[in-house]
Amino acid sequence: ILGFSTPPGRLSMMAFILNALTCALALLYFIRRGKQCLDFTVTVHFFHLLGCWIYNSRFPSTLTWWLVHVVCTALMAAIGEYLCMRIELREIPLNSAPKSNV
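How each quantity is defined
- Residues numbered from 1 in each chain as written.
- Predicted model: local features only at pLDDT ≥ 70, side-chain atom pairs only at ≥ 80, totals over all residues.
- Heavy atoms only, no water.
- Helix = DSSP H or I, 4+ residues; strand = E, 2+ residues; numbered from the N terminus.
- Rg over C-alpha atoms; globule rule 2.2 N^0.38 Å.
- Contact = heavy atoms within 4.5 Å.
- Areas by Shrake-Rupley, 256 points an atom, 1.4 Å probe, with all protein chains shown as cover.
- Core = buried A, V, L, I, M, F, W, Y, C linked by side-chain atoms within 4.5 Å.
- Buried < 20%, exposed > 50% of the residue type's maximum accessible area, 1.4 Å probe, protein only.
- UniProt positions renumbered as here; feature names shortened; annotations may be inferred.

Q: Before we move on, could you go through the overall build of the chain and cite the residues and values that matter?
A: A count of helices and strands for the chain gives three helices and zero strands. Secondary structure of the chain in N-to-C order comes out as α-α-α. Over its C-alpha atoms the chain spans a radius of gyration of 20 Å, topping by over 25% the 13 Å that the globule rule assigns to 102 residues. Projected onto its principal axes, the C-alpha coordinates of the chain cover approximately 70 × 25 × 15 Å. Expressed as a percentage of contacts within the chain between residues at least 6 apart in sequence, the contacts between residues at least 24 apart total 63%. When the accessible surface of the chain is totalled, it reaches about 8,000 Å², and 68% of it is carbon and sulfur.

Shown next, in the form of structure tokens:
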């Protein structure tokens, strides 16, 4: 069903791209480590590959399927790592108020 020539194919590809963006946000909230984003992204897409293989009873062999998933993997990892690095590189607030003498 993935293809550029039909409206359902384009819609499916857009859904995969939007899924990659929302999963990048999930990496931000659940993983919170820039170094681990690529690992979790590849793991999620590997499980998706296994699920497609089992469901269709054959290994995915179309070029568009592979292109869409490579692009989605790259988007999810890059955006997820960017978001996580922004959180990691925030300034640590230091309280400069004097301590109370007890």
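That covers the picture; the talk isn't over yet.
Q: Go over the nonpolar core, please, and point to the residues and values.
A: Counting 15 residues, the largest nonpolar core has Leu-2, Leu-27, Trp-65 and Val-68 as the members making the most contacts within it. Within the residue set of this core, elements represented by two or more residues are α1 (7-30), α2 (37-56) and α3 (63-88). The element that contributes the greatest number of residues to this core is α3, accounting for six residues. Excluding anything up to four places from it in sequence, Trp-65 contacts Leu-2, His-48, Leu-49, Cys-52 and Pro-60.

Q: Go over the UniProt feature "transmembrane region" (unreviewed entry) in the chain, please, and point to the residues and values.
A: Sites flagged by UniProt as "transmembrane region" (unreviewed entry) map to residues 12-31, 38-57 and 63-84. For residues 38-57, the helix share is 95%, the strand share is 0%, and the end-to-end C-alpha distance is 28 Å.

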